[in-house]
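# Examining the three-dimensional arrangement
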Amino acid sequence: MKRQGLTRRRVVAAGALAATGAVLLAARPADRGAPHTGDFAAMAQALKAAGLALQPTLVVDRARLRANAAKVRAHVQGRPLALRLVNKSLPCLGLLDEVGAATGSTRQMVFSLPYLALIAQERPHTDVLLGKPLPAAAAAAFLAAPPASGFDPARQLQWLVDTPRRLAQYREIARGRGQPMRINIEIDVGLHRGGVADADTLRAMLQMVHQEPLLRFAGFMGYDAHTQKIPDIAGARARAHHDALAAYQGFVDVLRASPLPSPSGPWTFNTAGSPTFRLHDGSGAANEVAVGSAMVLPSDFDTPLLADLEPAAWIATPVLKVGAFAAPDGVGALGRLARAWDANERTAYFIHGGNWLADPVSPPGLGISMLMGLSSNQQLLVGSGAQALQPDDVVFFRPRQSEAVLQQLGDIAVYEGGRIVGQWPVFPARG
């Protein structure tokens, strides 16, 4: 009987051990590696053929860019909505020209004095709305050195003001120069990032504009990105959107009741951004939406509202070194365990540059080693080796945002029809 009991216990223990082993094997990471395929393989070859696989390069797929722009245009077309391109998210004249041509928009939202001066000089046909209030000194500096291009600030530029104090400062600039200034008032529709938040303040500012012949009221700007950024708990996003629409309408009602005369054309009632432009159909108070990042769709904009758009911009960088992954001294044992456990930790690829606001996307299965950390000089990526990369091959990263990232690597390479067809200079990083 003792022998039978001992045998049963051994059988049970063996079964438990086998079950534990099965669980561990099931939890073991699968090999995620594979070589470049499809568009990425063709793009890598095109970069090499153009001599652009020498250092980190920003690449834009022109066909995808145009397709995204066409879908954005389709949303506003046939509706009482205008489209304004967000210039900080598309910081390149060639990129803005391409999207402007595809959407038919000559309107831009500009966020800095250097970019305002650049657009006024290089694209003097542009209708500009400032996307944030500039210091009064910046406004005065721009007006003191007008571009020689024919750009007319009194007709083509809306200065954004957020407080009575800033409005008074701009009024003094207008008086001092004897020059009209168009004023767009920033309104707070729920983001609480500044701007006019109550009817009394708005009435006082509208009265200031009404009493000063050199100030011309141009409209409102009410940014509502918070409605899709907040956690969607118990319908919070839908309520925030409803409240933002109501707040905007309330400010417009105050305007309609003010002594300001109606303009010969429509006022600019700007709202939205890439995350929210599709929530607006022209039935609310707003008659203009701002869109930028959606045109190239960085990964931070992977949302249900933008699900039909495609990524159109990547960072391409050459591989410098390939070898078996060996963790640095001090964590060597952990490195050996990682390699033994996870096939995706077995091969080291050191690339040119790194530490961007971007994530590796091709070839598949590349990741960051937690044992090595980040580097802006020679970033280590680890993989299984199935990527079949050799030195001088190319790795692609997808930016998380377009703002700033698109300016970090010099001229943008334009990819179309299997080859690089041009390069677009980017805006200076200072802006």
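Structural notes, computed from the coordinates. (Residues numbered from 1 in each chain as written. Predicted model: local features only at pLDDT ≥ 70, side-chain atom pairs only at ≥ 80, totals over all residues. Heavy atoms only, no water.)

## A word on the overall build of the protein
Operational definition: Only DSSP runs of H or I reaching four residues or more are called helices, and only runs of E reaching two or more are called strands; each is numbered from the N terminus. Note that the radius of gyration is over C-alpha atoms, with the globule rule given as 2.2 Å times the number of residues to the power 0.38. Relative accessibility under 20% of the residue-type maximum defines a buried residue, over 50% an exposed one, and the middle range a partly exposed one, all with a 1.4 Å probe and only protein chains included. In this analysis, two residues are considered to be in contact whenever any of their non-hydrogen atoms come within 4.5 Å of each other.
Of regular secondary structure, the protein possesses 12 helices and 17 strands. Whereas a compact globule of 431 residues would reach a radius of gyration of roughly 22 Å, the protein reaches 28 Å, over 25% beyond that. Projected onto its principal axes, the C-alpha positions of the protein cover 105 × 60 × 45 Å. Looking at the 431 residues of the protein, the share that counts as buried comes to 49%. For the protein, long-range pairs separated by at least 24 residues make up 71% of all intrachain contacts whose partners lie at least 6 apart in sequence.

## Digging into the pairing of strand β14 (residues 380-383)
Along any regular strand the residues' side chains alternate between the sheet's two faces. For clarity, the threshold we go by: A pair of strands is treated as paired once DSSP finds two or more bridges between them.
Of the two faces of β14, the one carrying Leu380 and Val382 and the one carrying Leu381 and Gly383 are both buried. Sheet topology note: the strand β11 (residues 347-351)/β14 ladder contains four bridges and is antiparallel. Following the sheet pairing, alanine 348 is matched in β14 by valine 382. Pairing analysis gives two bridges linking strand β13 (residues 367-368) to β14, with the strands arranged antiparallel. In the strand pairing of β14, isoleucine 368 is matched with leucine 381.

## Regarding the side chain of serine 362
Where we set the bar: Pairs of N or O atoms within 3.5 Å make up the polar contacts considered here, provided that, within protein, one atom can donate a hydrogen while the other can accept it, and that residues adjacent in sequence are counted only when both atoms are side-chain atoms.
Here serine 362 lies in strand β12 (residues 358-362). Serine 362 gets classed as buried once you look at its relative accessible area, which sits at 3%. Of the polar contacts made by the side chain of serine 362, one reaches the side chain of histidine 36; its length is 2.7 Å. Leaving out residues up to four positions away in the same chain, serine 362 has contacts with His36, Phe40, Val395 and Phe396.

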